[in-house]
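Next come the chains, spelled out residue by residue.
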Amino acid sequence: MIPALPRPERAGLRRLILLRHGETTAGTGRLLGSSCDLGLSERGRSQAAASGRRLLGRTVVGWVISSPQRRALETAALAFPGLPVIIDERLREQDFGELTGLTWLEAKARFGQRARAWRTSGAPPPGGESPATLRARVADAASSAMLLPLGDPRSEVILVTHHTPIRSLIATSRGWPISEWRRVHVPYGGVLTVGCGAPGSTRR
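Remember, it's a predicted structure, so these values are computed and weren't measured experimentally.

Colleague: Sorry, what's going on with the pairing of strand 1 (residues 15-20) here?
Modeller: Along any regular strand, the residues point their side chains to alternate faces of the sheet. The element strand 1 is extensively covered by neighbouring structure, given that five of its six residues are classed as buried. Pairing analysis gives five bridges linking strand 1 to strand 5 (residues 191-195), with the strands arranged antiparallel. Each bridged residue has a counterpart across the sheet, and for arginine 15 the counterpart in strand 5 is glycine 195. Note: strand 1 against strand 4 (residues 155-161), five bridges, orientation parallel. Each bridged residue has a counterpart across the sheet, and for isoleucine 17 the counterpart in strand 4 is isoleucine 158.

Laid out in structure tokens, this is it:
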């Protein structure tokens, strides 16, 4: 049974480690969003396991918190075998609405300026979740994670999530507007850190 997210008891965390899930069975280049629940490809499974080995080789893992989507949960299980994984619904990928399943070229051809506005100005994708709504829920999840109790001061909290939530957290920590999110690129299985209380993040 997966435990519920504990109630924060004290501030005991200076940064979060952000792990993007591995490649899915859809391959690369498609907008999967929160309504698409594919698992990992063989390459994605290898990426997840490799990321876990790197992290476990230099990190004391205090908590592993994951998006509820299959690709994230599989990544968490492969990266941190035997460790409990907490699900946080707020770490879901953005709902891409009518763009779900499309490549960017297909999205532009079908929706034109509405698709471009989503990428450049912070408008919601057609029929989907606004970036501002996503930013609020992901920031709330990160705030809860920042306050989790840590028995070992060396411990880290790891969030296993998706490209857009990670972009949102990194951009917000740097004080960037929504239109600048796409400056952040995280490969499948990629790891970034975000600091608590001060702008900036560090690639690991």
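Colleague: I would appreciate a short explanation of the packing of aromatic side chains in the present structure.
Modeller: Ring pairs (aromatic) are described by centroid distance and by the angle formed between their planes. Per the counting criterion, the structure on display carries two aromatic pairs. Here the aromatic rings of phenylalanine 96 and tryptophan 118 are separated by 5.3 Å at their centres, their planes lie at 65 degrees, and the arrangement is edge-to-face. With phenylalanine 96 in the loop between strand 3 (86-87) and helix 3 (104-111) and tryptophan 118 in helix 4 (residues 113-121), this residue pair connects regions lying 22 residues apart in the sequence. With a relative accessible area of 4%, phenylalanine 96 lands in the buried category. Note on tryptophan 104 and tryptophan 118: the rings are 6.4 Å apart at their centroids and 55 degrees apart in plane angle, and the pair reads as tilted. On the criterion of sequence distance, the pair formed by tryptophan 104 in helix 3 and tryptophan 118 in helix 4 is long-range, its members being 14 residues apart. Ring-pair connections join several aromatic residues into one group, and the members of that group are Phe96, Trp104 and Trp118. Here the guanidinium or amino end of arginine 20 rests over the ring plane of tyrosine 188, the centre of that ring lying 4.2 Å away. Positioned above the aromatic ring of tryptophan 104, the side-chain terminus of arginine 119 is 4.1 Å from the ring centre.

Colleague: Explain the nonpolar core to me, please; I cannot follow it from the model alone.
Modeller: Nonpolar side chains tend to gather and get buried jointly when the protein is soluble and globular. Grouped together as the largest cluster of nonpolar side chains are 26 residues, with contacts concentrated most on Leu16, Leu18, Ile65, Val157, Leu159 and Ile170. Of all the elements in the fold, those that place two or more residues in this core are strand 1, helix 5 (131-146), strand 4, helix 6 (163-173) and strand 5. For leucine 18, the residues in contact, after removing those within four places along its chain, are Leu159, Ile166, Leu169, Ile170, Gly190, Val191, Leu192 and Val194. Within the second largest apolar cluster, 13 residues are counted, among which are Ala76, Phe80, Val160 and Val191.

Colleague: Sorry if this is basic, but what is going on with the environment of proline 124 here?
Modeller: When you line up the elements, proline 124 lands in the loop between helix 4 and helix 5. We classify proline 124 as partly exposed; its relative accessible area is 40%. Placed 27 residues apart in sequence, proline 124 and glycine 97 show a C-alpha to C-alpha distance of 8.8 Å. Apart from the residues within four sequence positions on either side, proline 124 is in contact with Trp118, Glu129, Ser130 and Pro131.

Calculation criteria
- Residues numbered from 1 in each chain as written.
- Predicted model: local features only at pLDDT ≥ 70, side-chain atom pairs only at ≥ 80, totals over all residues.
- Heavy atoms only, no water.
- Buried < 20%, exposed > 50% of the residue type's maximum accessible area, 1.4 Å probe, protein only.
- Helix = DSSP H or I, 4+ residues; strand = E, 2+ residues; numbered from the N terminus.
- Pairing = 2+ DSSP bridges.
- Phe/Tyr/Trp six-rings, centres within 6.5 Å; stacked < 30°, edge-to-face > 60°.
- Lys NZ or Arg CZ within 6 Å of the ring centre and 35° of its normal.
- Core = buried A, V, L, I, M, F, W, Y, C linked by side-chain atoms within 4.5 Å.
- Contact = heavy atoms within 4.5 Å.

No statement about biological role is implied by the geometric values presented.
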